[in-house]
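# Report on the structure
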Amino acid sequence: MHSLYQRANGLTGLLSSCLIGLLALVALTSFLFPAHPKGDVNIKTLKVRWGQIDRHPAQEWAFVQFDLQTDLESLFHWNTKQLFVYLVAEYTGSKGVANEVVLWDRIAKIKYVFRDFNKTFRNASAVELSVRYNVMPYVGVLTSGEVGRTSKERFPALQTQG
Amino acid sequence: MSSQIRSLLEGKIDFEGQKLAEKIVQIGLISSTIVSFIVGFVVQDLKVAFAILSVATIFIALITLPPWPVYNKHPLPWLKSQNSKKEQ
């Protein structure tokens, strides 16, 4: 500590420890806001069509319209950078494979296509939609939750275009 | 000229001054970290927390880094140099 350089070294050294401590405290406060917002998700329409999209082989495609009513404000606190809200369709395919397909999300606003590995939705179980979220913090761990889910709905019979 | 700049940059302080400066740095930084966390949490703003810590750090640097006269109040009395051939 006798020279200016050594005093600066001591100051910045302790500062880095203090910063790590502050960041750790901030990360821990995320657990002080245990919000689990709920909402209503309902399937408006569920359609199945046959066709070819892009380079995928000809197969059945499902189309979903849904209603979502929820208030996610309780998830926002000082350590919330952004939310990733997404809609998941859950059903069991005709070969007994449980599927979870992401259909929609909030930030990227990407619409994913809804199709099955077997190229058909025949003999698949009823489908259930759930809206889930990831809380992305500035510091700390990613937390997630589910806003709500629809009642189960059977895939309808394949429709012709129109 | 260069030795003047060097001594200015070196900023020597005495032993008591070093003890005092170190104590100010430690108490100042740790308490301002705690204060910045509490205030930031209360106003729910990370920017406020880091602004308080930054301003406090700059302030602490200003009062502890330069060789202020407070840190040179206890100069060590050195023995006068003797022209002894043994030490050479």
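Residues numbered from 1 in each chain as written. Chains lettered and ligands numbered in written order. Predicted model: local features only at pLDDT ≥ 70, side-chain atom pairs only at ≥ 80, totals over all residues. Heavy atoms only, no water.

Before going further, it helps to examine the side chain of Asp14 of chain B. For Asp14 of chain B, the location among the structural elements is in the loop between helix 1 (2-10) and helix 2 (15-43). Put simply, Asp14 of chain B is tucked away with no salt bridge, and the nearest opposite charge, on Arg7 of chain A, sits 9.2 Å away. A polar atom in the side chain of Asp14 of chain B sits 3.2 Å from the backbone nitrogen of Glu16 of chain B. Within the structure, the side chain of Asp14 of chain B is placed 2.7 Å from the backbone nitrogen of Gly17 of chain B, a separation counted as a polar contact. When residues no more than four places from it in sequence are discounted, the contact partners of Asp14 of chain B are Tyr71, Asn72, Lys73, His74 and Pro75 of chain B. (Helix = DSSP H or I, 4+ residues; strand = E, 2+ residues; numbered from the N terminus. Buried < 20%, exposed > 50% of the residue type's maximum accessible area, 1.4 Å probe, protein only. Lys, Arg positive; Asp, Glu negative; His and termini not counted. Salt bridge = Lys/Arg side-chain N within 4 Å of Asp/Glu carboxyl O. Polar contact = N/O pair within 3.5 Å; in protein donor to acceptor, adjacent residues only side chain to side chain. Contact = heavy atoms within 4.5 Å.)

With that out of the way, let us pick up the UniProt feature "transmembrane region" (unreviewed entry) in chain A. In the numbering used here, UniProt assigns the feature "transmembrane region" (unreviewed entry) to residues 12-33 of chain A. Between the first and last C-alpha atoms of residues 12-33 of chain A the distance is 32 Å; the span itself is 82% helix and 0% strand. (UniProt positions renumbered as here; feature names shortened; annotations may be inferred.)

Now for the sheet that holds strand 5 (residues 128-137) of chain A. Strand pairing in a sheet relies on backbone hydrogen bonds, with the paired strands running either antiparallel or parallel. Residue and element names in this part refer to chain A. Read across the sheet, four strands follow the order 4-3-5-6 without closing on themselves; strand pairing throughout is antiparallel. Two strands lie at the open edges of the sheet, namely strand 4 (98-105) and strand 6 (143-149), each paired on one side alone. Within this sheet the neighbouring strands show an average axis-to-axis angle of 30°, counted without direction. Relative to strand 5, strand 3 (residues 80-92) is paired through ten bridges, and the arrangement is antiparallel. Paired with Val85 across the two strands is Tyr133, which belongs to strand 5. (Pairing = 2+ DSSP bridges. Axes fitted to C-alpha atoms, helices over the stretch in contact; angles between N-to-C directions.)

Taken as a whole and assessed by the stated rule, the structure comprises four salt bridges over all chains. Lys19 of chain B is the partner of Glu16 of chain B in a salt bridge, and the nearest nitrogen-oxygen pair spans 3.9 Å. Placement of the pair is Glu16 of chain B and Lys19 of chain B together in helix 2, with a separation of three residues, close to one helical turn. One salt-bridge network, in which partners are shared between bridges, spans Glu90, Glu100, Arg132 and Glu146 of chain A.

Contacts between the two partners involve 22 residues from chain A, matched on the other side by 31 residues from chain B. Both sides together, the interface formed by chain A and chain B hides about 2300 Å², and carbon and sulfur atoms give 81% of it. Counting across the interface, chain A meets chain B through zero salt bridges. For the side of chain A that touches chain B, the class distribution of residues is 16 nonpolar, five polar and one charged. (Buried area = accessible area lost by both parts, 1.4 Å probe. Nonpolar A, V, L, I, M, F, W, Y, C, P; charged D, E, K, R; others polar.)

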